[in-house]
Amino acid sequence: MSNFDVIGIGNAIVDVISPAEDMFLDQMGIEKGIMQLVEKDRAEVLYAAMRDRVETPGGSVANTIAGLGGLGLTTAFIGKVKDDALGRFYAKGMEDAGTAFPNAPVQNADAPTSRSMIFVSPDGERSMNTYLGAGADLNSGDVSGDLFGGSKFLFLEGYLFDKDDGKTAFSEAARLMHAAGGKSGITLSDPFCADRHREGFQRLIKEDLDFTLGNEDEWKTLYETDDLDAALAQGSAACDTIACTRSGDPILLIRNGERVEVPVTSITPVDATGAGDQFATGFIYGMATGQPLDVCGRMGSVAAAEVIRHIGPRPQADLKVLFKDAGLI
């Protein structure tokens, strides 16, 4: 099993979505409109309290990989789930969507399958309560070398850097991808993530990676500066290709000294969840199909604009059609 266009590694999280009145949020002690990490006992209480649950395979890089699969690339997602109901659901959901999920659910996993309980208020606000279960325990033993032969791109999720096992998994995967002649990259994921793992991220970007994607706050946090140009100068000195999204301002891209700005159309989002994930979809698709740097950025912008127009972190429209309409393919 190899020759994938793109392999992703991330936290395999089941998104569990339920409608909820504001009074229910108050009663359950859920802070409206934010993402909170919760422990196992709290997760079980919230899951049991949900009504009319809708469950879908999720996770940041998994959303990107799903978008790339929808564009016709061959994809695989390396994640860890327990052999429980949600874990079996996750594995089947990824496979049914056309993405290989090579790691079978683990019977003796120490923690249940990761899940994010998302309560949607009548005004559309989403309150997320995420339990980092089995997915956060992924390690280098979960990365099979058989996947990488002939594969082209590897995309890593910064959130998994929270544990030492995740760090070793990333280094091993990048080594395998480079040995196969492919390219490796990461999403910085979150400013808090960049702050927690500054030294490790900087080392990984410089020594193991070919491309790095992040937003303005993540880049400035990573290099401890309020000067975005200074942060990007350091990033581009360490990594061949970097991208910086800026919430409605032009996207900044640098590849081997070439710098371009990609204008974006300002849109009032229905749901901003998944904007960064789908920017990565478009950008990586551009790289995988050999597009110029500015076209890669424009593809990322089109994909991000599509996903913020509706509820949910994955595209509902055919991105390839949108790319054609924009004159990109």
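The rules behind each value
Per chain, the residues get numbers from 1 upward, laid out in the order the sequence is written. With the structure being a predicted model, the display of local features is reserved for residues of pLDDT at least 70 and the display and counting of side-chain atom pairs for 80 or more, all residues being used for whole-chain, interface and lining totals. Hydrogens and water molecules were not included; the side-chain quantities draw on all heavy atoms of the structure. Secondary structure is summarised from DSSP: a helix means a run of H or I of at least four residues, a strand means a run of E of at least two, and numbering begins at the N terminus for each. Within these notes, the globule rule equals 2.2 Å times the number of residues to the 0.38 power, and the radius of gyration is based on C-alpha atoms. Note on areas: Shrake-Rupley with a 1.4 Å probe; residue coverage comes only from the protein chains shown. Counted as positive: Lys and Arg. Counted as negative: Asp and Glu. His and the chain ends are not counted at all. The location of each charge is read from NZ of Lys, CZ of Arg, CG of Asp or CD of Glu. A pair of strands is treated as paired once DSSP finds two or more bridges between them. Note on geometry: axes are C-alpha line fits, over the in-contact stretch for helices, and angles between N-to-C directions span 0 to 180 degrees. Cavities and pockets were defined on a 1 Å grid built from protein atoms only: a cavity is a group of points that admits a 1.4 Å probe but offers it no way out, a pocket is an open group of points flanked by protein on both sides within 12 Å along at least five of seven lines, and a lining residue is one with an atom within 4 Å of any such point. Grid points are joined across faces, edges and corners, and a volume is the space filled by probe spheres set on the points. Charged means Asp, Glu, Lys or Arg here, nonpolar means Ala, Val, Leu, Ile, Met, Phe, Trp, Tyr, Cys or Pro, and polar covers whatever is left, Gly included. Three labels apply to residues, based on accessible area from a 1.4 Å probe with only protein chains included: buried if under 20% of the type maximum, exposed if over 50%, partly exposed otherwise in between. Salt bridges are counted wherever a side-chain nitrogen of Lys or Arg sits within 4 Å of a carboxyl oxygen of Asp or Glu. Contacts are assigned to residue pairs that have any heavy atoms within 4.5 Å of one another. Left-handed describes a crossing whose near helix is turned anticlockwise from the far helix by less than a right angle; the clockwise case is right-handed.

The subject of this paragraph is the overall build of the chain. Counting its regular elements, the chain contains twelve helices and 14 strands. What you see for the chain is a C-alpha radius of gyration of 19 Å, in line with the 20 Å of a compact globule of 329 residues. Dimensions of the chain, computed from C-alpha atoms along their principal axes, come out at roughly 55 × 45 × 40 Å. With an accessible surface of roughly 13,800 Å², the chain has 47% of that area assigned to carbon and sulfur atoms. On the chain, the mean spot of the 29 positive side-chain charges and the mean spot of the 49 negative ones are 3 Å from each other.

Take the sheet that holds strand 7 (residues 114-120) next. Hydrogen bonding along the main chain pairs the strands of a sheet, whether they run parallel or antiparallel. Strand order in this open sheet of five strands is 3-8-7-2-4, and the pairing throughout is mixed. Since the sheet does not close on itself, it has two edges, and those belong to strand 3 (35-37) and strand 4 (54-58), each with one partner. For this sheet, the mean angle separating the axes of adjacent strands, direction not counted, is 20°. Two strands pair when backbone bridges link them, and strand 7 and strand 8 (residues 126-131) are joined in this way by six bridges, in the antiparallel orientation.

Right, let's get into the layout of surface pockets. Approximately 210 Å³ is the volume found for the second largest pocket. Forming the walls of the second largest pocket are 13 residues, and the residues nearest its centre are Leu37, Tyr131, Leu132, Ala136 and Lys163. A per-class count over the lining of the second largest pocket returns seven nonpolar, two polar and four charged.

Moving on, we come to the side chain of Asp15. In this fold, Asp15 is placed in strand 2 (residues 13-19). One buried charged side chain, Asp15, makes no salt bridge at all; its nearest oppositely charged neighbour is Arg126, positioned 5.6 Å away. Beyond its immediate stretch of four places on either side in the chain, Asp15 contacts Val54, Glu55, Thr56, Gly58, Ser116, Ile118 and Pro313.

Here Ile186 lies in strand 10 (residues 183-187). When its relative accessible area of 1% is taken as the criterion, Ile186 is described as buried. Separated by 79 residues in the primary sequence, Ile186 and Thr265 have C-alpha atoms spaced 25 Å apart.

This paragraph deals with the packing of helix 10 (residues 275-288) against helix 11 (residues 293-307). The relative placement of two packed helices comes down to the angle between their axes together with the axis-to-axis distance. Interhelical geometry of helix 10 versus helix 11 gives an angle of 145° and a closest axis separation of 7 Å. Considering the relative orientation of helix 10 and helix 11, their crossing is right-handed. Together, Ala275, Gln278, Phe279, Gly282, Phe283, Tyr285, Gly286 and Met287 of helix 10 and Leu293, Cys296, Gly297, Met299, Gly300, Ser301, Ala303, Ala304 and Val307 of helix 11 make up the contact between the two elements.

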